[in-house]
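# Residue-level structural notes
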Amino acid sequence: MNAPRAARPLLSLDEALERLVAGSLPHAIAATETLSTFDALGRVLAADVHSALDVPPADNTSMDGYALRAADVREAGTVLPVSQRIPAGVVGEPLVPGSAARIFTGAQVPPGADAVVMQEQCEPIAAAASDAAGLGAVRVLAVPAPGQWVRRRGEDVRAGATVLARGQRLTPQALGLAASVGAGTLTVRRRLRVAVFSTGDELVMPGEPLKPGAIYNSNRFTLRGLLQAAGCVVNDLGIVPDRLDATRDALRRAAADNDLIVTSGGVSVGEEDHLRPAVQAEGRIENWQIAIKPGKPLAFGAVRRGGAVTSGGPGDRAAGEALFVGLPGNPVSSFVTFVLCGATVLRALQGLPTALPRALPLRAAFDWPRPDKRREFLRVRLDEAGELALFDNQSSGVLTSAVWADGLVDVAPAQAIARGDIVRYLPLAELVAR
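Let me begin by describing the structure that accompanies this report. All chains use their own residue numbering, which begins from 1 and follows the written sequence. Local features in this predicted model are restricted to residues of pLDDT 70 or higher, and side-chain atom pairs are both shown and tallied only at a pLDDT of 80 or more, whereas totals for entire chains, interfaces and linings draw on every residue. Only hydrogens and water are set aside when side-chain values are computed; all heavy atoms of the structure are taken into account.

## Some details on the sheet that holds strand β21 (residues 321–327)
The strand order across the open sheet formed by six strands is β16-β13-β17-β21-β20-β18, and the pairing between neighbours is mixed. Strands with a single pairing partner mark the edges of an open sheet, and in this sheet they are β16 (233–240) and β18 (283–289). Averaged over all adjacent pairs, the angle separating strand axes in this sheet is 20°, with direction ignored. As defined by bridge partners, strand β13 (residues 193–199) adjoins strand β17 (residues 260–264) across three bridges and the pair is classed as parallel. Any two strands are treated as partners once DSSP identifies two or more bridges connecting them. Secondary structure elements follow DSSP: runs of H or I of four or more residues count as helices, runs of E of two or more count as strands, with numbering from the N terminus. Working convention: axes come from line fits to C-alpha atoms, limited for helices to the stretch in contact. Angles between N-to-C directions cover 0 to 180 degrees.

See the structure below:
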């Protein structure tokens, strides 16, 4: 009688992430396009952005007030004639020694001036009838220091500096910085194209009658939203009938014009689970068991495009394949595994850094006395006291926990937590759209 085959050891999350990155990098998107800076939000920069000018381009004031020479005001109450008025956008004349210039926020400081006194520390004196300029004088109520309220030329950016490096996702503030150095267009990577579909005859779309034994297809909405939040072009192939031929056809259609295929559930060895043999027939697949909770099962592989052969080198293979990621079917398992593993694949394909976000050390407002032997990711929320509250039901099927939570606590294998312990907190906002 044959002895039972020993179970394969579980992969650590770190090892799984290393394998995902190594398998994804040869498929990274190289194609680029040039966009208006207005339209580049969320895109991945493909070329450095250099500044052609100093920012600011000249010394300017950060306050409404009076520009003057600090040496001309030795004591509070000094009165100086006002020689000119300089609103933003107007270049003033060189400052006459012993005088002041009325100046407004953002205007260039005139040559000869080395300080600005804010208008709240000044008293304007009306012009005399004999004052041809009609600008009057000003009583300076505070002794200024040289450089006061003056933004120096180039203090933000120097001409020639690299202000944005390729390989970063463009945030609103990054677009503002690009605009500040005159970059009207940006070179970005082509958006990642991702196909998503569901298998399972039990799945029903919201709005349809729920027959006995059926469930609404929540994972389709979650995964589609996660992919859109990551800036992907999503090709939703819907619900595929639970048959091998239909699943193979869906894989072929998905691989034809997408970079990645993402599914949830159906990759086990059950008689009704057709994804695994379908991917094997259309490409290659590895089924992993990862030592995390929720989660554990993950499939990673690739599907051939149009009968392309996958036996060539990495470059040939990448050109002829769409990557495949199969997530677990339970809603929270699918969500957590995506933000940890699926998002890592997306980042590798887009040339972005692949490390998980840095965990924040925060205090637990809960006890977790019965830890699992796997690495756990608990759904938590930051409370008003700055501590972490735990959702009361950590089941992998309770999607409410992922909506209630604003982060995950990363718990090492076999680690118990007592109220007051410092734990590792991963904000969901950084995991979902990283």
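## Description of the nonpolar core
We define a nonpolar core as any set of buried Ala, Val, Leu, Ile, Met, Phe, Trp, Tyr and Cys residues linked to one another through side-chain atoms lying within 4.5 Å. Note on classification: 1.4 Å probe, protein chains only; a residue is buried when its accessible area is under 20% of the maximum for its type, exposed when over 50%, partly exposed between these limits. Leu260, Leu340 and Leu346 are the most contacted members of the largest nonpolar core, which totals 44 residues. Secondary structure elements with two or more residues in this core: α1 (13–24), β13, α3 (218–229), β17, β20 (297–304), β21, α7 (331–349) and α9 (428–432). Setting aside residues up to four positions removed in sequence, Leu346 forms contacts with Leu192, Val194, Leu227, Ala230, Cys232, Leu260 and Phe338. Phe197, Ala255, Ile261 and Val303 belong to the second-largest nonpolar core, a separate cluster that totals 18 residues. Residue contacts are defined here by distance: any two heavy atoms, one from each residue, within 4.5 Å place the two residues in contact.

## Things to note about the packing of aromatic side chains
Two aromatic rings, taken as a pair, are described by how far apart their centres are and by the angle between their planes. Centres within 6.5 Å make a pair out of two Phe, Tyr or Trp rings, where for Trp the six-membered ring is used; the pair is then stacked when the planes are under 30 degrees apart, edge-to-face when over 60, and tilted otherwise. Throughout the structure, instances matching the rule amount to two aromatic pairs. Ring geometry for Trp288 and Phe300: centres 5.8 Å apart, planes at 45°, overall tilted. Of this pair, Trp288 sits in strand β18 while Phe300 sits in strand β20, placing them twelve residues apart in sequence. Relative accessible area serves as the criterion here: at 5%, Trp288 is assigned to the buried category. Overall, the relative accessible area of 7% leaves Phe300 in the buried class. In our convention, an over-ring charge means Lys NZ or Arg CZ found within 6 Å of a ring centre and within 35 degrees of that ring's normal. Taking the ring centre of Trp288 as reference, the NZ or CZ of Arg19 above it sits at 5.8 Å. The ring of Tyr66 carries Arg102 above its face, with NZ or CZ at 5.1 Å from the centroid.

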